[in-house]
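# Tertiary structure, described
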Amino acid sequence: MTEIIDGNEVAQEIRDGLVAGIDGLTDSGTTPCLATVLMNNDPASQTYVSMKHKDCEEVGIATRDIELDPEAPASALFDTVDELNADPEVHGILVQMPLPDHVDEREVLRRIDPAKDVDGFHPENVGRLVAGNPRFKPCTPHGVQKLLAAADVETEGANAVVVGRSNIVGKPMANLLIQKSDGGNATTTVCHSRTDDLEAKLRDADIVVAAAGVPGMITGNMLSGDTVVIDVGINRVETDDGSELVGDVDFESAKQKASAITPVPGGVGPMTRAMLLWNTVKAASDESGVDVELP
Ligand code: GUN
């Protein structure tokens, strides 16, 4: 029987596991607080940001909700980041991507105080992750690591194949999988759009993490039996009666081959959201010096 890994259930466990720490921090005078900054008119980004606020409210994390006109100069965003960096009541800062073309994304990421960088995208935090001493693990790969652990998937010694090399998912995912620590120690291959013979790489995989952003690109006939398949893709595709969300994995065919597989939606997506809360609580704990047990 193929196990369907339920991201909603694992994410709920993470959220439940954070509540005691949030209450402890609040009782000692530090209510964890996440600030989001949105500078685009993209309806999907607006939905993501409002879901993040709802998630925070549900567990007792305070929020700041800042929206900037996408036509505003880059300096407006820089000033906002500077103010949030200086605000002692704000522990986590998330600038929603994408940004308008006239704003240099890298400059924004460099400007966020690394101690408040709950996305884990600041170069200092990227460097720490690569060096094996992470401060904030980026939310999606961290969520994948938690899903694998919840499904009792042993990464040590496994052949892991990450499909995709983005800064947000593919690269940090590979770095987590090769760490000398729990949830790591996997022999890890990173495949991408220029990979020769992807199928040969996938055939050898015990664990596949699909994060290429190409709907349905990994099909069951590309997998050997007994593979654990984690689908990070969230692609909206047109259908006869509207549109639907699909992953990078063709679920129905892959399910026939996989020993365990995540669905889309309801797999990695809820974990990404839960790990943002996790990172915000860690940021508040680190800043206040109040120890918190993280789930
Ligand atoms: N846009 C899409 N995914 C992300 C993410 O993980 N973090 C931020 N800040 N923006 C995003």
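Structure shown above.
Residues numbered from 1 in each chain as written. Predicted model: local features only at pLDDT ≥ 70, side-chain atom pairs only at ≥ 80, totals over all residues. Heavy atoms only, no water.

## Details of helix α7 (residues 170-178)
The buried count for α7 comes to 7 of 9 residues, which makes it a mostly enclosed element. All buried positions along α7 are accounted for by Gly170, Pro172, Met173, Ala174, Asn175, Leu176 and Leu177. As for α7, its buried residues are in contact with α5 (123-130), α6 (139-150), β5 (159-163), β6 (187-191) and β7 (207-210). (Buried < 20%, exposed > 50% of the residue type's maximum accessible area, 1.4 Å probe, protein only. Helix = DSSP H or I, 4+ residues; strand = E, 2+ residues; numbered from the N terminus. Contact = heavy atoms within 4.5 Å.)

## Considerations on the sheet that holds strand β3 (residues 62-67)
The strand order β3-β2-β4 describes an open sheet built from 3 strands, whose pairing is parallel. A single partner strand is all that each edge strand has here, and the edge strands are β3 and β4 (92-95). Looking at each pair of strands side by side, their axes are set apart by 15 degrees on average, direction ignored. Its contacts with the sheet put helix α3 (residues 74-86) on β2 (33-38), β3 and β4, and the angle it makes with β4 is roughly 165 degrees. (Pairing = 2+ DSSP bridges. Axes fitted to C-alpha atoms, helices over the stretch in contact; angles between N-to-C directions.)

## Remarks on the site of the ligand
Around the ligand, a shell composed of Leu94, Val95, Gln96, Met97, Asp119 and Phe121 is seen. The separation between a nitrogen atom of the ligand and a polar side-chain atom of Gln96 is 3.2 Å. Take Met97: an N or O atom from its main chain is 3.0 Å from a nitrogen atom of the ligand. At a threshold of 2 Å from the grid points, most atoms of the ligand map onto the largest pocket. Tallied by class, the residues present in the shell around the ligand amount to 4 nonpolar, 1 polar and 1 charged. (Near = heavy atom within 4 Å. Polar contact = N/O pair within 3.5 Å; in protein donor to acceptor, adjacent residues only side chain to side chain. 1 Å grid on protein atoms, 1.4 Å probe; cavity = no way out; pocket = protein on both sides within 12 Å on 5 of 7 lines; lining within 4 Å. Sits in = over half its atoms within 2 Å of the grid points. Nonpolar A, V, L, I, M, F, W, Y, C, P; charged D, E, K, R; others polar.)

## Topic: unusual backbone geometry
The omega torsion of the bond from Met97 to Pro98 falls at 0 degrees, within 30 degrees of zero and hence cis. Turning to its location among the elements, Pro98 is positioned in the loop between β4 and α4 (105-111). For Asp152, which is not glycine, the phi dihedral falls at a positive 55 degrees. Topologically, Asp152 is positioned in the loop between α6 and β5.

## A word on the layout of surface pockets
If you add up the space inside the largest pocket, you get close to 1,300 Å³. In terms of lining residues, the largest pocket is bounded by 46 residues, among which Tyr48, Thr140, Val232, Ile234 and Thr272 are the most central. Where the lining of the largest pocket is concerned, the elements lending two or more residues are α1 (7-27), α2 (43-59), β4, α6, β9 (235-239) and α10 (268-288). Per-element accounting of the lining of the largest pocket gives the leading share, 7 residues, to α2. Looking at the lining of the largest pocket residue by residue, the classes come out as 24 nonpolar, 13 polar and 9 charged. Leu109, Phe121, Val126, Asn167 and Ile168 are the residues nearest the centre of the second largest pocket, which is lined by 17 residues in total. Residue composition of the lining of the second largest pocket, by class: 10 nonpolar, 3 polar and 4 charged. (Points joined across faces, edges and corners; volume = space filled by probe spheres on them.)

## A short note on the pattern of salt bridges
Applying the stated criterion across every chain, the model contains 8 salt bridges. Asp87 serves as the salt-bridge partner of Arg64, at 2.8 Å between the closest nitrogen and oxygen. Here Arg64, found in strand β3, pairs with Asp87, found in the loop between α3 and β4; they are 23 residues apart in sequence, far enough to count as distant. Looking at Arg64, the relative accessible area reads 27%, which means it is partly exposed. Each of the salt bridges in this network shares a partner with another, and the network as a whole consists of Arg64, Asp87 and Glu89. (Salt bridge = Lys/Arg side-chain N within 4 Å of Asp/Glu carboxyl O.)

Function cannot be read off these values alone, since they describe shape.
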